[in-house]
Amino acid sequence: MVRKLAAGNWKMNGTGASLAEAEALRAALPAPTVDVLICPPATLLSRLSDTLSGSAIATGGQDCHAAETGAHTGDISAAMLADAGASHVILGHSERRTDHGETDAEVRAKAKAAIAAGLTAVICVGETLAGREAANTLSIIGGQLAGSVPDLVSADRLVIAYEPVWAIGTGKVPTLHQIGEVHDFIRAELEKRFGVGVGRAVPILYGGSVKGANAAEIFAVSNVNGALVGGASLRAVDFLPIVEALQAS
Ligand code: PEP
């Protein structure tokens, strides 16, 4: 059985005051029936992990370096994330691919480092609007999967997030048919590469303008096993209905 995951990506948002949102989430979700994850900015990771310690809500980073240690000013290693309480790390988010020019090969190296440090890598893939309009969506996703996902992963160390770049933070959402087409394709690619056992057990999240109002219909699409949520994960009152929709799906 594939595990369901509701993951929040706080991006570059949040200070100590935001821990109250995590407290509210914890109080509202004493025993969630799906996996729940919050990825705060690095400055909050340790405090958030402490806040959520003993709860069923996990914490994660938003990026890591491929090296274990060294002269990389401003960077954070996977082991450091784990030391700060993280169990997951988002890798290859389109904002990092755009803002920092991250390539598939770099994402793959980071994912290898993350898995070696005991983390679960949440690897993001997604087409631009130009890519979709040129009818290249599946070839783009296939290339990103082949290039970004490392070999020899076990299902519990990998999550794939399909995030169309044009849907992130825009309020635009693909049709349910478009989401299903890509998720079915990702599932087939994972099964081809890793075999049915591993390929069927890797959660595939949809990300891009997910809200309480559209979550249930998205979670009903085939091979959608949860969501990676940006804006609507910042406040418990917005994130909770998404978690509840996933629990009900
Ligand atoms: C994201 O950044 O991963 C994301 C999906 O953002 P939003 O939910 O705000 O579109």
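Quick note: structure is the one above.
How each quantity is defined
Residues numbered from 1 in each chain as written. Predicted model: local features only at pLDDT ≥ 70, side-chain atom pairs only at ≥ 80, totals over all residues. Heavy atoms only, no water. Helix = DSSP H or I, 4+ residues; strand = E, 2+ residues; numbered from the N terminus. Rg over C-alpha atoms; globule rule 2.2 N^0.38 Å. Contact = heavy atoms within 4.5 Å. Buried < 20%, exposed > 50% of the residue type's maximum accessible area, 1.4 Å probe, protein only. Near = heavy atom within 4 Å. Polar contact = N/O pair within 3.5 Å; in protein donor to acceptor, adjacent residues only side chain to side chain. Areas by Shrake-Rupley, 256 points an atom, 1.4 Å probe, with all protein chains shown as cover. Nonpolar A, V, L, I, M, F, W, Y, C, P; charged D, E, K, R; others polar. Expected span 1.5 Å × (residues − 1). Bend = angle between axes of the 7 residues up to and from the residue. Core = buried A, V, L, I, M, F, W, Y, C linked by side-chain atoms within 4.5 Å. Axes fitted to C-alpha atoms, helices over the stretch in contact; angles between N-to-C directions. Parallel < 35°, antiparallel > 145°, perpendicular 65-115°, else oblique. Left-handed = near helix turned anticlockwise from the far one by under 90°. Pairing = 2+ DSSP bridges.

Right, let's get into the overall build of the chain. Counting secondary structure elements, the chain contains 10 helices and eight strands. Against the compact-globule benchmark of 18 Å for 249 residues, the chain has a radius of gyration of 17 Å, which places it among compact chains. Once the C-alpha set of the chain is aligned to its principal axes, its extents read approximately 45 × 45 × 35 Å. Put simply, 72% of the contacts in the chain that link residues at least 6 apart link residues at least 24 apart.

Let us look at the side chain of His-183. Looking at where His-183 falls in the secondary structure, it is placed in helix H8 (residues 176–199). Relative accessible area serves as the criterion here: at 0%, His-183 is assigned to the buried category. Beyond its immediate sequence surroundings of up to four residues, His-183 is in contact with Tyr-162, Ile-204, Leu-205, Tyr-206, Ser-222, Asn-223 and Val-224.

Note: most peptide bonds trans; most residues except glycine with negative phi. With a phi close to 50°, Lys-11 is a non-glycine residue in the positive phi region. Locating Lys-11 in the fold gives a position in the loop between strand E1 (5–9) and helix H1 (19–28). Not every positive phi belongs to a glycine, and Asn-223 is a case in point at roughly 65°. Looking at the element boundaries, Asn-223 is found in the loop between helix H9 (212–219) and strand E8 (226–229).

Right, let's get into the site of the ligand. Looking at the ligand, there are 14 residues lining it, with Lys-11, Glu-163, Gly-169, Ser-209 and Gly-230 nearest. Here an oxygen atom of the ligand sits 2.8 Å away from a polar atom, N or O, in the side chain of His-93. Within the contact set of the ligand, an oxygen atom lies 2.8 Å away from a backbone nitrogen or oxygen of Gly-230. Against a free-state accessible area of 290 Å², the protein chains account for coverage of 95% of the ligand. Partitioned by chemical class, the residues of the shell around the ligand number four nonpolar, eight polar and two charged.

Turning our eyes to something else, we now look at H8. The terminal C-alpha atoms of H8 lie 22 Å apart, and with 24 residues this falls more than 12% below the ideal 34 Å at 1.5 Å per residue. Along its length, H8 shows its largest kink, about 105°, at Arg-193. As for H8, its buried residues are in contact with strand E5 (120–125), helix H6 (129–133), helix H7 (137–148), strand E6 (158–162), strand E7 (204–207) and H9.

Here the focus is the environment of Glu-133. Within the fold, Glu-133 resides in helix H6. Separated by 72 residues in the primary sequence, Glu-133 and Leu-205 place their C-alpha atoms 22 Å from one another.

Further remarks concern the nonpolar core. The tendency in soluble globular proteins is for nonpolar side chains to be buried side by side. Of all hydrophobic cores here, the largest spans 64 residues; its most connected members are Leu-158, Ile-160 and Ile-186. The element contributing the most residues to this core is helix H10 (residues 236–248), with seven residues. Residues contacting Ile-160, with those up to four places away along its chain left out, are Ile-123, Val-125, Leu-145, Val-149, Ile-186, Leu-190, Val-202, Pro-203, Ile-204 and Leu-205.

Glancing now at the side chain of Ser-49. With respect to the element layout, Ser-49 can be found in helix H2 (residues 42–52). In this structure, Ser-49 is in contact with Thr-59, Ala-84, Gly-85 and Ala-86, ignoring residues within four places of it in sequence.

Contact geometry for H9 and H10: axes closest at 8 Å, N-to-C directions at 20°. Taken together, H9 and H10 sit at an angle that is classed as roughly parallel. Read as a crossing pair, H9 and H10 show a hand that is right-handed. Here Gly-212, Ala-215, Ala-216 and Phe-219 of H9 come into contact with H10, specifically with Pro-241, Ile-242, Ala-245 and Leu-246. Looking at the contact of H9 with H10 residue by residue, the class counts come to seven nonpolar, one polar and no charged.

So, about the sheet that holds strand E2 (residues 35–39). The eight strands are arranged E1-E2-E3-E4-E5-E6-E7-E8 in a closed barrel whose pairing can be described as parallel. With strand direction ignored, the average angle separating the axes of adjacent strands in the sheet is 25°. Direction of pairing for strand E3 (residues 57–61) relative to strand E4 (residues 88–91): parallel, over a ladder of two bridges. Its bridge partner lying in E4, Gly-60 is registered against His-88. Relative to E4, helix H5 (residues 104–116) is tilted by about 175°, and along the sheet it contacts E4 and E5. Packed on one face of the sheet, H10 meets E1, E2 and E8 and runs near 160° to E1.

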